[in-house]
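Architecture at a glance
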Amino acid sequence: MRGSDVMDGLPVGDGWVRVKESAEVVFPYDGTTVAHVPVGTAELARRALDEALAVAPAMARTPSHVRRAALTGAHDALAARREEFERLLVLETGKPLVDCKVEVARTLVTLATAAEEVARLHGETVPMDLLPSGEGLIGFWTRRPIGVVVGITGFNYPLLLAAHKIAPALAAGCPVIVKPAPSTPLATIGLVELLRSVGVLPNAAVQLVTGDVEVGRTLVEDRRIGAVSFTGSAAAGHAIARNAAPTKVLLELGSNAALVVAADADLEAAADAVIRGGYYASGQACISVQRVVVEEAVRTEFLDLLAARMKEVVVGDPRSQDTRVAALIDERSTSRVLAWVGEAVAAGAELVTGGVPEGRAIAPTLLADVPDGVAAWEEEIFGPVVCVRTVGSLEEAFETVNRSRYGLHLSIFTRSLATAFAAIERLEAGGVVVNEVPGFRADNMPYGGVKDSGLGREGPRFAIEEFTVTRMAIIRP
């Protein structure tokens, strides 16, 4: 990152604008201060919008090779400093080091894939003579930048989420303003600095403003922007969609991802998936395993396998390579998760293990026979908690999974190809994964949800399509 002045300035316009007010970024593991970061204002957000709009025509004309060079240059710069960014992510998010390493690796893939997609941004010819009146006409369409993109990101994957906003926007020829989560701005600031340091795009093509809800509303309510891309809670996403209307919005929202265990499943593989997929990032991932739906015939064997492996989920200092669960982002989140676990137990759920504080963290928690109507089953818990429920048939399993307001990623474990395709057909989600964790995401694939899990699709190719509009050309020679 830049020198000491990075903590009193924000990348707005052509340079770094000094800001008087600052806020602490705190290491969740022990509460120590990582840095003091400038807090933006609505006035600064308006300035960033003006600067982005001013540079938008030049960005739209930027040659493909220049846009690709900006992204490949940022990729190479990040690769050279990956360990620095991994450490920074541990400190500001409190996530275990192993998860922060994955985040940086995926960010590199996202930048590289977006650079490759620049070469694929093109249109097609259209046969105009399908109607007699079109005889002699030449028709073709191209894709044009939608305009200024505002990207708002969540706290849990600040580097990767920012890359999924910034890289496709630049690839499409759009200036972008990113607003990181107030608690985790550091890696995002670092990414913006890397992109600017490549030196082939105008600085105002990539800007960042920190701040509160007022700053966000200033950005998304401005009618001059082309699109808003938001990652966060369903409630916040719905509010942004209302405030931004009629501007185009892409919403990557919450989930309570389900994993179905069929009676014919490889139970050891399914148990392994729950251990890997339920507790990574301390459970603070929108597609981590939260609901496990098991056919009655294998319930006892599966729960025994799962309970035996819970000891593998090591709780500790996130800077350790061995740690799998650490403190959540803040005390409020910790209190909420523990309260939801207590509510489930009071409603009749069995606490198999965990459910108590372990230092600042929550012990990896497994609940069995969780009923409807409790938040731990119905809502996104965003903590190291997995809920198991037994059903009598696959038909009941599909109905149980679909009886949710969310639908981001789901998975099923089965040895039957027919069952796998039935799940793909029947389960209501943006992605259905067979014999792997629902949290599997390749960053070049389309990613997004249905119902309250969102609108639109991420992944560089698909986000670039969202950030461009078709322009039809009709010529009579």
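Right, let's walk through the structure included here. If you're wondering where the values come from, they're calculated on a predicted model, not measured in any experiment. (Residues numbered from 1 in each chain as written. Predicted model: local features only at pLDDT ≥ 70, side-chain atom pairs only at ≥ 80, totals over all residues. Heavy atoms only, no water.)

Quick look at the overall build of the chain
A tally of regular secondary structure across the chain gives 15 helices and 24 strands. In terms of C-alpha radius of gyration, the chain reaches 23 Å, essentially the compact-globule figure of 23 Å for 477 residues. The principal-axis extent of the C-alpha atoms belonging to the chain is close to 70 × 65 × 40 Å. Buried positions account for 55% of the 477 residues belonging to the chain. Long-range pairs, those at least 24 residues apart, make up 71% of the contacts in the chain with a sequence separation of at least 6. Surface summary for the chain: the accessible area is close to 18,500 Å², and the carbon and sulfur share equals 54%. Treating the 46 positive side-chain charges of the chain as one cloud and the 59 negative ones as another, the clouds have centres 7 Å apart. (Helix = DSSP H or I, 4+ residues; strand = E, 2+ residues; numbered from the N terminus. Rg over C-alpha atoms; globule rule 2.2 N^0.38 Å. Buried < 20%, exposed > 50% of the residue type's maximum accessible area, 1.4 Å probe, protein only. Contact = heavy atoms within 4.5 Å. Areas by Shrake-Rupley, 256 points an atom, 1.4 Å probe, with all protein chains shown as cover. Lys, Arg positive; Asp, Glu negative; His and termini not counted. Charge placed at Lys NZ, Arg CZ, Asp CG, Glu CD.)

Some thoughts on the packing of aromatic side chains
Summed over the entire model, instances satisfying the criterion amount to 2 aromatic pairs. A ring pair is formed by phenylalanine 27 and tyrosine 29, whose centres lie 5.7 Å apart and whose planes are at 45°; its orientation type is tilted. Under the relative-accessibility criterion, tyrosine 29 is labelled partly exposed at 31%. Here the guanidinium or amino end of lysine 95 rests over the ring plane of tyrosine 157, the centre of that ring lying 3.4 Å away. Over the ring of tryptophan 340 we find arginine 336, and its NZ or CZ is 4.6 Å from the ring centre. (Phe/Tyr/Trp six-rings, centres within 6.5 Å; stacked < 30°, edge-to-face > 60°. Lys NZ or Arg CZ within 6 Å of the ring centre and 35° of its normal.)

As for the sheet that holds strand 24 (residues 468-475)
Read across the sheet, 3 strands follow the order 5-6-24 without closing on themselves; strand pairing throughout is antiparallel. Each edge of the sheet is formed by a strand with only one pairing partner; in this case those strands are strand 5 (124-126) and strand 24. Within this sheet the neighbouring strands show an average axis-to-axis angle of 30°, counted without direction. Note that strand 6 (residues 138-145) and strand 24 share 8 bridges and pair antiparallel. Residue pairing in the sheet places arginine 144 in a bridge with valine 469 of strand 24. (Pairing = 2+ DSSP bridges. Axes fitted to C-alpha atoms, helices over the stretch in contact; angles between N-to-C directions.)

A closer look at a negative patch on the surface
Taken together, Asp266, Glu268, Glu301 and Asp304 make up a surface patch of like negative charges. The topology assignment puts aspartate 266 in the loop between strand 12 (258-261) and helix 9 (267-279). By relative accessible area, aspartate 266 is classed as partly exposed at 34%. (Patch = residues over 30% accessible without salt bridge, like charges linked within 9 Å, V, L, I, M, F, W, Y side chains within 5 Å. Salt bridge = Lys/Arg side-chain N within 4 Å of Asp/Glu carboxyl O.)

As for the side chain of threonine 153
Within the secondary structure, threonine 153 is located in the loop between strand 7 (149-152) and helix 5 (158-172). Sequence-distant contacts of threonine 153, that is, excluding residues within four places in its chain, are made with Leu161, Ala162, Lys165, Val178, Lys179, Pro180, Ala181 and Thr231.

Things to note about a nonpolar patch on the surface
Taken together, Leu417, Phe421, Ile424 and Val434 make up a surface patch of nonpolar side chains, about 390 Å² in accessible area. It is helix 14 (residues 417-426) that contributes the most residues to the nonpolar patch, 3 residues altogether. Examined against the element boundaries, isoleucine 424 turns out to sit in helix 14.

Observations regarding the sheet that holds strand 17 (residues 365-368)
Pairing is mixed across the open sheet formed by 7 strands, whose spatial order is 14-17-18-13-12-20-21. Each of the sheet's edge strands pairs with one partner strand only, and the pair in question is strand 14 (350-353) and strand 21 (431-434). Here the strands of the sheet are splayed against their neighbours by 20° on average, with no regard to which way each runs. Bridge count for strand 20 (residues 409-413) against strand 21 is 4 bridges, and the pairing is parallel. Bridging across to strand 21, isoleucine 412 finds its partner in valine 434. Sitting on the sheet, helix 13 (residues 394-402) touches strand 12, strand 13 (291-295), strand 18 (385-391) and strand 20, and the angle it makes with strand 13 is about 165°.

Description of the pattern of salt bridges
Within this structure, the stated rule accounts for 25 salt bridges. Linking aspartate 272 and arginine 276 is a salt bridge whose minimum nitrogen-to-oxygen distance equals 2.6 Å. Taken together, the residues aspartate 272 and arginine 276, both in helix 9 and 4 residues apart, mark about one turn of the helix. With relative accessibility at 21%, the residue aspartate 272 sits in the partly exposed group. Exposure remark for arginine 276: the relative accessible area of 39% places this residue in the partly exposed category. Among the ionic pairs, arginine 461 bridges to glutamate 465, the shortest N-O distance being 3.8 Å. Linking arginine 461 with glutamate 465, this pair stays in helix 15 (residues 460-466), spanning 4 residues, or about one helical turn. Exposure remark for arginine 461: the relative accessible area of 46% places this residue in the partly exposed category. Residue class for glutamate 465 comes out partly exposed when judged on its relative accessible area of 36%. What emerges from the salt-bridge pattern is a single network uniting Asp272, Arg276, Arg309, Glu312 and Glu436.

A look at the nonpolar core
By size, the foremost hydrophobic cluster in this structure holds 80 residues, and its most contacted members are Leu71, Ile166, Leu170 and Phe467. Sorting elements by how many residues they give to this core places helix 5 first, with 9 residues. Residues contacting leucine 71, with those up to four places away along its chain left out, are Leu111, Ala114, Ala115, Val118, Ala167, Ala171 and Leu195. Of all hydrophobic cores here, the second largest spans 28 residues; its members include Trp340, Ile362, Leu367 and Leu410. (Core = buried A, V, L, I, M, F, W, Y, C linked by side-chain atoms within 4.5 Å.)

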